[in-house]
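Examination of the molecular architecture
Chain residues, written in single-letter form:
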Amino acid sequence: MLDGRDVVVINSCAVTNGAVKQTRTAIRRARRARPDAMLAVTGCAAQIDPASFAAMPEVDRVIGNGEKLLPEAWASSDALIVGDMARLTEIAPHLAIAVDQARAFVEVQNGCDHRCTFCAIPFGRGPSRSAPAGAVIEAIERVVAAGKNEVVLTGVDLTSYGHDLPGSPTLGSLVERILVRVPSLPRLRLSSIDAPEIDGRLFELLTQEARVMPHLHLSLQAGDDMILKRMKRRHSRADAVRLVERLKTARPELAIGADLIAGFPTEDGAMAANSLALIDDCDIVHAHIFPYSPRAGTPAARMPQVDLELRRERAATLRSASARRKAAWLDSLMGTEQQILVEAPGNRGHSTGFADFRLDQNHRTGDIISVTITKDHLFGHAA
Ligand code: SF4
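I will try to describe carefully the structure that is included in this document. (Residues numbered from 1 in each chain as written. Predicted model: local features only at pLDDT ≥ 70, side-chain atom pairs only at ≥ 80, totals over all residues. Heavy atoms only, no water.)

**Some remarks on the packing of helix H7 (residues 171-181) against helix H8 (residues 200-208)**
The N-to-C vectors of H7 and H8 enclose an angle of 45 degrees; their axes lie 6 Å apart at closest approach. When the interaxial angle is binned, H7 and H8 end up oblique. When the axes of H7 and H8 are compared, the crossing they make is left-handed. The segment H7 lies against H8, with Leu171, Gly172, Val175, Glu176 and Leu179 engaging Arg201, Leu202 and Leu205. For the contact of H7 with H8, the class distribution of residues is five nonpolar, one polar and two charged. (Axes fitted to C-alpha atoms, helices over the stretch in contact; angles between N-to-C directions. Helix = DSSP H or I, 4+ residues; strand = E, 2+ residues; numbered from the N terminus. Parallel < 35°, antiparallel > 145°, perpendicular 65-115°, else oblique. Left-handed = near helix turned anticlockwise from the far one by under 90°. Contact = heavy atoms within 4.5 Å. Nonpolar A, V, L, I, M, F, W, Y, C, P; charged D, E, K, R; others polar.)

Structural data, given as structure tokens:
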């Protein structure tokens, strides 16, 4: 409550133009539902374009990403408090931790120093900043003491971890310190990472340490070298394929996920076919596929665009290929024993490789249980 009024906070997203549109719809809906509340907007879309949100009659306050965790920003009566993200040097006054009933997400890094041509995130989140290992370890000790069996390390550009800290520690060294200092943590998972930036120690831990989950989500985006170049990505198709081969040779059960964009500007049929083939070549079983959506102000938005219908068609083709690959992977798990982290409401959960299974009876959310997988554990299969 602020000044005697309830506060509704809308955390906006700028990842696509569609996300910005959804934010505006959510603002209008929230205002209709709570006509008397103070309505504040924060997050990346508000950071990138604060004036357009401040101009909405439904909005009382716009608060930037750099200010949203500062009590003084909320105590101020200014309608617009949005600083320059490029000048931020610290991750946040408090390490951001999100918990659901089963696991904890610990944000160890924020911001990004890269400039992929399709992406507006660096303008919303500012330069790469990392949380010192001591603060991360303390946070993880707290969530493990509170009963969490799985921690996910998150960040906008996770593999940039440490560049800004004294001694430039790597993500691999952070993971190693967590494993040593929090021996009671059973499962540590990484969120999306940049394929070419896996350091040597991280590779060893991913492939040799049972407490590091055999699941890696790679920010690949495309499987064609010309498109990767136009995206200003920092890896080639061959780099991605070679990395996955090395990882899976060392730890065959490692499950690969990837983000892929369908119909990036200038993508022709042969280029799209290269991205499609990447699903098999990198054994991608967890795919996040998006038809390209231009973000205002980015270089890709000024490149020759692929017809929207074609982008959608290519996204659908990629989705069916990845669904086929995932089905074959799940099939290969039949009869194996999997350690499942039980999720709410207690009758489902994820394996170490992040396969989503249903459970035949209710268990306590957050527990890890051992299950011999049958077809009855698959979603979409009649029990
Ligand atoms: S590395 Fe990720 S966050 Fe950074 S510019 Fe590229 S897509 Fe955006």
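**Here's the deal with the environment of Ser77**
Mapped onto the elements of the fold, Ser77 is located in the loop between helix H4 (71-75) and strand S4 (80-81). For Ser77, a relative accessible area of 68% puts it in the exposed group. For the pair formed by Ser77 and Glu197, sequence separation is 120 residues and the distance between their alpha carbons is 44 Å. (Buried < 20%, exposed > 50% of the residue type's maximum accessible area, 1.4 Å probe, protein only.)

**Some points on the sheet that holds strand S14 (residues 337-343)**
Strand order in the open sheet formed by four strands is S16-S15-S14-S17, with antiparallel pairing between adjacent strands. Since the sheet does not close on itself, it has two edges, and those belong to strand S16 (356-358) and strand S17 (368-372), each with one partner. The mean angle between the axes of side-by-side strands here comes to 45 degrees, regardless of whether they run parallel or antiparallel. Where strand S15 (residues 348-350) lies against S16, three bridges are found, and the strand directions are antiparallel. Bridging from a neighbouring strand, Arg348 pairs with Arg358 of S16. (Pairing = 2+ DSSP bridges.)

**Concerning the sheet that holds strand S11 (residues 215-221)**
Strand order across the open sheet formed by three strands is S11-S12-S13, with parallel pairing between neighbours. Looking along the sheet, the strands with just one partner apiece sit at the ends: S11 and strand S13 (284-291). Each strand of the sheet is rotated relative to its neighbour by a mean of 20 degrees, with strand direction disregarded. Across seven bridges, strand S12 (residues 255-262) lies against S13 in parallel orientation. Its bridge partner lying in S13, Leu260 is registered against Ile289. Packing of helix H12 (residues 308-332) onto the sheet brings it into contact with S12 and S13, and relative to S13 it is tilted by some 170 degrees.

**Here's the deal with H7**
Of all the positions in H7, only Leu171, Gly172, Leu174, Val175, Ile178 and Leu179 are classed as buried. An end-on view of H7 places all buried positions within 160 degrees of arc, on one side of the element. Buried residues belonging to H7 abut helix H6 (133-145), strand S9 (150-154), strand S10 (187-190) and H8. (Arc of directions from axis to C-beta.)

**Examining the packing of aromatic side chains**
Tallied over the entire structure, the rule returns two aromatic pairs. Taking the centre distance of 6.4 Å and the plane angle of 85 degrees together, the rings of Phe118 and Phe264 count as edge-to-face. Of this pair, Phe118 sits in the loop between strand S7 (109-110) and helix H5 (121-125) while Phe264 sits in the loop between S12 and helix H11 (269-281), and the two are 146 residues apart along the sequence. Here Phe264 falls in the buried class, since its relative accessible area comes to 0%. Relative to Tyr292, the ring of Phe264 has its centre 5.5 Å away and its plane inclined at 75 degrees; by these criteria the two rings are edge-to-face. Here Phe264, found in the loop between S12 and H11, pairs with Tyr292, found in the loop between S13 and H12; they are 28 residues apart in sequence, far enough to count as distant. Grouping residues by exposure puts Phe264 and Tyr292 together as buried. Through a chain of ring-to-ring contacts, the aromatic side chains of Phe118, Phe264 and Tyr292 assemble into a single cluster. Its guanidinium or amino end placed over the ring of Phe53, Arg24 lies 4.3 Å from that ring's centre, counting from NZ or CZ. The lysine or arginine in question, Arg246, covers the ring of Phe203, its NZ or CZ lying 4.2 Å from the ring centre. (Phe/Tyr/Trp six-rings, centres within 6.5 Å; stacked < 30°, edge-to-face > 60°. Lys NZ or Arg CZ within 6 Å of the ring centre and 35° of its normal.)

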